[in-house]
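Next come the chains, spelled out residue by residue.
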Amino acid sequence: MIDPDAELVRRTGVGDKAAAAQLVARHLPRVLTLARRMLGDTAEAEDVAQETFLKVWTHSRRWQPGAARFETWIYRITLNACYDRLRKRRPARLDDTIPIPDPSPSPERIAAANAAGLAIAAAVQALPERQRAAVLLCTVEGCGNIEAAEILGISVEALESLLTRGRRTLRERLKAYRD
Amino acid sequence: MAENEPILSEAQLDRFLASLRAGEVAPSANLQARVMKDFDNAWAERGLGPFSRLSRAIWPEVPIWQPAAALVASLSLGLAVGYVLPSMLLNQSGDTAFAFEVPGYFDLAEGS
């Protein structure tokens with residue numbers, strides 16, 4: 001398994017600022033996007049992204065290439081930081097707090113208003129956190145099942161179960177937008 | 001009735017989810033600067049000795065001379081008190097002797 005980031009992480013671990021900047025350029029947008037999709041809040045997502053990279057800077061010297069790909073590792077740090085923040089939030093059911101657009105309007109009107117785009121984002125946001133992470137990693141971030149399972153720290157079977165439940169919920173919630 | 005409608009097909013859900021891929025969030029210049037500043041700080045911290053790291057942990061975000069001065073001041077105070085207090089107690093030994101002369105019991109009937 002060749003990790004395209006291994007050399008950059010090694011150089012970062014010995015204080016190479018240019019290598020650190022390259023890692024930031026390569027991974028910060030995806031880390032930020034994943035955190036934004038998990039948390040639904042840009043400011044919090046920025047804090048998570050900063051926290052994630054701080055962990056990278058602190059642990060880069062001890063990072064072992066070959067154990068896991070850097071991308072897998074950084075996604076795992078990001079998701080754990082997101083889970084921590086979600087746990088600290090007021091205990092409310094996300095389904096109740098995040099408005100999903102009214103499914104009653106006609107399909108034409110929905111298409112015109114680009115409501116489906118908003119609806120899918122809101123429906124993903126409303127999934128339970130583990131299902132949300134599984135759907136985002138596999139379907140949006142383009143991770144394979146093995147990599148996504150590794151990031152989530154679960155078996156591939158458990159990941160598939162999360163994906164099945166998450167997708168079923170999404171199909172149910174978005175049925176008003178079907179062709 | 002919405003409840004009776006068939007649910008979305010897998011293929012259409014995939015199309016919907018694919019539309020999310022386009023919306024990658026671009027990090028602000030401020031965030032990038034914060035992240036790189038953290039790198040500088042983390043690297044600067046690695047060069048510190050154990051005392052400096054301990055003092056940073058106990059008393060973060062201050063110049064190193066402040067915890068060092070606090071440590072020196074508390075040590076000096078402790079040494080001074082340790083040196084002066086025993087001799088003061090020895091000098092006052094005559095005054096304090098009465099404390100040991102108080103009887104260890106009380107006679108409740110004595111005052112009546």
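Predicted model only: the values in this text are computed from it and were never measured. (Residues numbered from 1 in each chain as written. Chains lettered and ligands numbered in written order. Predicted model: local features only at pLDDT ≥ 70, side-chain atom pairs only at ≥ 80, totals over all residues. Heavy atoms only, no water.)

### Overview of the overall build of chain B
Using the following cut-off: Helix and strand labels come from DSSP, where a helix needs a run of H or I of at least four residues and a strand needs a run of E of at least two; each type is numbered from the N terminus. Remark: exposure states derive from per-residue accessible area (1.4 Å probe, protein chains only) relative to the maximum for the residue type, with buried under 20%, exposed over 50%, and partly exposed in between. What sets the accessible areas is the Shrake-Rupley method with a 1.4 Å probe; for residues, cover comes only from the shown protein chains.
Helix and strand content of chain B: 5 helices and 0 strands. Along its sequence from the N terminus, chain B presents helices and strands in the succession α-α-α-α-α. Counting the 112 residues in chain B, one finds 16% classified as buried. Carbon together with sulfur atoms contributes 65% to the accessible area of chain B, which is approximately 8,600 Å² in total.

### Re the overall build of chain A
Cut-off, in case you're wondering: We call two residues in contact whenever any of their non-hydrogen atoms come within 4.5 Å of each other.
In terms of regular secondary structure, chain A is built from 10 helices and 0 strands. For chain A, the α and β elements follow one another from N to C terminus as α-α-α-α-α-α-α-α-α-α. The burial tally for chain A puts 48% of its 179 residues in the buried class. Long-range contacts, defined as pairs at least 24 residues apart, comprise 67% of the intrachain contacts of chain A with a sequence gap of at least 6.

### Remarks on the pattern of salt bridges
Residues and elements named next belong to chain A. Put simply, the rule is: The term salt bridge refers to a pairing of a side-chain nitrogen on Lys or Arg with a carboxyl oxygen on Asp or Glu at a separation within 4 Å.
All told, the structure shown has 18 salt bridges over all chains when counted by the stated rule. Where Glu7 meets Arg10, a salt bridge forms, and the shortest distance between an N and an O atom there is 2.7 Å. Placement of the pair is Glu7 and Arg10 together in helix α1 (residues 6–13), with a separation of 3 residues, close to one helical turn. Judged by relative accessible area, Glu7 falls into the partly exposed class, the value being 41%.

### Focus on α1(A)
The condition that has to hold: To be clear, the arc concerns the directions from the helix axis to the C-beta atoms.
Those residues of α1(A) lying buried are A:Leu8, A:Val9, A:Thr12 and A:Gly13. Each buried residue of α1(A) lies within a common arc of 140° when the element is viewed along its axis, so the set occupies one face. In the core, the buried residues of α1(A) are packed alongside α2 (17–39), α3 (42–59) and α4 (70–88) of chain A together with α2 (29–46) of chain B. A:Gly15 sits one or two positions beyond α1(A) and adopts a positive phi of about 90°.

### Observations concerning helix α1 (residues 10–21) of chain B
All names here are of chain B. Note the cut-off: Each residue after the first adds 1.5 Å to the expected span of a helix.
For α1, which comprises 12 residues, the first-to-last C-alpha distance of 17 Å matches the rise-based estimate of 16 Å (1.5 Å per residue) to within 8%. Among all positions of α1, only Gln12, Leu13, Phe16, Leu17 and Leu20 are buried. Buried residues of α1 fall within an arc of 135° about the axis and therefore sit on the same side.

### Let's talk about the side chain of A:Ser60
As a reminder of what qualifies: Whenever two N or O atoms come within 3.5 Å, that pair is a polar contact, provided that in protein one can donate a hydrogen and the other can accept it, and provided that, for residues adjacent in sequence, both atoms are side-chain atoms.
Tracing the backbone shows A:Ser60 in the loop between α3 and α4. At a separation of 3.4 Å, a polar atom in the side chain of A:Ser60 contacts the main-chain carbonyl oxygen of A:Trp57.

### Thoughts on the packing of α2(A) against helix α8 (residues 129–140) of chain A
Residues and elements named next belong to chain A. Put simply, the rule reads: Here an axis means a line fitted to C-alpha atoms, over the contact stretch when the element is a helix, while the angle between two N-to-C directions is reported on a 0 to 180 degree scale. Any angle that falls under 35 degrees is termed roughly parallel, while one over 145 is termed roughly antiparallel, one within 65 to 115 roughly perpendicular, and all others oblique. By the definition used in this description, the sense in which the near helix is turned from the far one sets the handedness, with an anticlockwise turn below a right angle giving left-handed and a clockwise turn giving right-handed. Lys, Arg, Asp and Glu make up the charged group, whereas Ala, Val, Leu, Ile, Met, Phe, Trp, Tyr, Cys and Pro make up the nonpolar group; the residues left over, Gly among them, are polar.
Contact geometry of α2 with α8 gives a least axis separation of 10 Å together with a crossing angle of 140°. Comparing their axes, α8 and α2 come out oblique. As for how α2 packs across α8, the hand of that crossing is right-handed. Within the contact between the two elements, α2 uses Leu34, Arg37, Met38 and Leu39 and α8 uses Glu129, Arg132, Ala133, Leu136, Leu137 and Val140. Taken together, the residues that form the contact of α2 with α8 break down as 7 nonpolar, no polar and 3 charged.

### So, the nonpolar core
Residue and element names in this part refer to chain A. Put simply, the rule reads: What makes a nonpolar core is a set of buried Ala, Val, Leu, Ile, Met, Phe, Trp, Tyr and Cys residues whose side-chain atoms join them at distances within 4.5 Å. Each domain's extent was defined by an automatic or database domain assignment.
If you look at the biggest cluster of nonpolar residues, it comprises 63 residues, and the most contacted ones within it are Met38, Trp57, Leu79, Leu137, Leu170 and Leu174. When residues in this core are grouped by element, the largest group, 11 residues, is from α2. Two domains each provide a minimum of three residues to this core, namely domain 1 (1–89) and domain 2 (92–179). With sequence-adjacent residues up to four places away left out, Met38 is seen in contact with Leu79, Cys82, Tyr83, Leu86, Gln125, Glu129, Arg132, Ala133 and Leu136.

### What about the interface of chain B and chain A?
Applicable threshold: The term buried area means the drop in 1.4 Å probe accessible area that two parts suffer when joined, counted for both and summed.
Contacts between chain B and chain A engage 34 residues on the former and 44 residues on the latter. Roughly 3,700 Å² is buried in total at the junction of chain B and chain A, and carbon and sulfur atoms are behind 62% of that figure. Linking chain B to chain A there are 6 salt bridges. The salt bridge partner of A:Glu46 is B:Arg34, with a shortest N-O separation of 3.7 Å. Our count for the contact surface shared by chain B and chain A stands at 9 residue pairs in polar contact (both at pLDDT 80 or more). Secondary structure elements with two or more residues in the side of chain B that touches chain A: α1 and α2 of chain B. Of the residues forming the side of chain B that touches chain A, the biggest block, 11 residues, is contributed by α2(B). Considered class by class, the residues forming the side of chain B that touches chain A number 17 nonpolar, 6 polar and 11 charged.

### Section: the confidence of the model for chain A
Residues and elements named next belong to chain A. Rule in force here: A residue's pLDDT is the predictor's confidence in that residue, given on a scale from 0 to 100.
Averaged over all residues, the pLDDT of chain A equals 83, while 84% of them reach at least 70. Here helix α5 (residues 94–97) is the element of chain A with the lowest mean pLDDT, 44, and α3 is the one with the highest, 94. Scored below 50 in pLDDT, residues 93–101 makes 17 contacts in the model with residues more than four places away or belonging to other chains.

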